[in-house]
Amino acid sequence: DAAQTKREWCRNVLDGGMETSSTMSTQRPLGVQSRMVVLFLAFPLLVVVLLYAGVYGGNKEIQPVAKVGQDLLDTRYPEPAVVEAKGKHSATVIFCHGLGGTGKAYASKFENLGESMNHIKFVFPNAPVQPITRSGGKQLRAWFDMVGKTDRREELGQGKTSIEDSQKYLEALIRREGNAGIPANRIVIAGISQGAALSLYTGIHLKEPVAAVVSLSGYIPRFNQTIVQNTRSKYLLCHGKADKMIAPKMSQLVHQLLTSSGASAELKLYDGLQHTTNAQELKDVHSFFLQCLPPDPGFNSN
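Calculation criteria
- Residues numbered from 1 in each chain as written.
- Predicted model: local features only at pLDDT ≥ 70, side-chain atom pairs only at ≥ 80, totals over all residues.
- Heavy atoms only, no water.
- Helix = DSSP H or I, 4+ residues; strand = E, 2+ residues; numbered from the N terminus.
- Buried < 20%, exposed > 50% of the residue type's maximum accessible area, 1.4 Å probe, protein only.
- Contact = heavy atoms within 4.5 Å.
- Core = buried A, V, L, I, M, F, W, Y, C linked by side-chain atoms within 4.5 Å.
- Axes fitted to C-alpha atoms, helices over the stretch in contact; angles between N-to-C directions.
- Parallel < 35°, antiparallel > 145°, perpendicular 65-115°, else oblique.
- Nonpolar A, V, L, I, M, F, W, Y, C, P; charged D, E, K, R; others polar.

A. Representation of the overall build of the protein chain. If you tally the helices and strands in the protein chain, you get seven helices and eleven strands. The 302 residues of the protein chain split such that 46% are buried. Excluding contacts between residues fewer than 6 apart, the proportion of contacts in the protein chain whose partners are at least 24 apart in sequence is 64%.

Written as structure tokens, this is what we have:
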């Protein structure tokens, strides 16, 4: 009877058989129905597999990047503040702020430098915001975490954003200037405090040396593990003698390391200067910029 026929047809579907005229009057191929039932039964399993892959297979952090020319920039770092060259651009200074600072705050110090620096473009990168251990987990702009070592040489440069991450970002900014026609020997990287630590750490590891590296109240993390790989850049180390936050001894030790490695390094210490800058220090830094990046009338960035 009809009920028996339907039962036989269902068994054939589940067994993967083919529908025939003797079992169903429609004569539809049973293989099509079989595949439909299998897909219907498999769909929930497929959903579970996809959800599992999303939760457990997709939890690896993928660093966001943005295409800039022929390079990739980590977009955790906000776009830098820039003071464009007032004349023909033939050199660039990249200056890194300290812990909790911003690029914009330092840009104002370099906006009116006189005609002698009209050929220099100034780039002021911004560090990402991350929790800082020495500040009780407070969220601050930082190139790397700081655990609060009294001897800054013992800082490890780790954190949500590590010193290696920031080193790669700074190197990408150097390459971006190269893509714009400014060669490495027409670039200076500089910084203050933690930004100086980043500039020094990056500078001593550069495979293609920049013209110079400038450190204001700086140090090198993991100092005892440091090997200076770049001795072709010039180095300027400036530090206040009254600095209680980062002892001037840190710059003195860096100076000894650089000179013993064969690098050209100059150390300037300032009486009464604490963990900040003053007019004389900035004047010395500006003079050093011009020494390393003199105006080049014949320069062509095209």
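Moving on from the model shown.
B. Geometry of the environment of Y270. Within the fold, Y270 resides in strand 11 (residues 264–270). Note on Y270: relative accessible area 7%, which makes it buried. Along the backbone, Y270 and Q280 are ten residues apart, and their C-alpha atoms lie at a distance of 8.5 Å. Non-local contacts of Y270, meaning those with residues more than four positions away in its chain, are made with C238, H239, G240, K241, Q280, E281 and D284.

C. Region of the structure containing the nonpolar core. Judged by nonpolar contacts, the single largest core of 43 residues is most densely connected at I94, I189, Y235 and L258. Taken together, the elements giving at least two residues each to this core come down to strand 4 (91–96), helix 4 (163–179), strand 8 (187–192), helix 5 (194–203), strand 10 (234–240) and helix 6 (249–260). A total of six residues in this core trace back to one element, the largest contributor, which is helix 4. Excluding residues that lie within four positions of it along the chain, L258 makes contacts with I204, V228, Y235, L237, A263 and A265. Of all hydrophobic cores here, the second largest spans 29 residues; its members include F124, C238, Y270 and L273.

D. Expanded view of the packing of helix 4 against helix 5. Put simply, helix 4 and helix 5 touch, their axes get as near as 10 Å, and they point 75° apart. Viewed along their axes, helix 4 and helix 5 adopt a mutual orientation that is roughly perpendicular. Facing helix 4, whose interface residues are I163, E164, S166, Q167, L170 and E171, helix 5 presents L198, S199, Y201 and T202. Across the contact of helix 4 with helix 5, the residue classes break down as four nonpolar, four polar and two charged.

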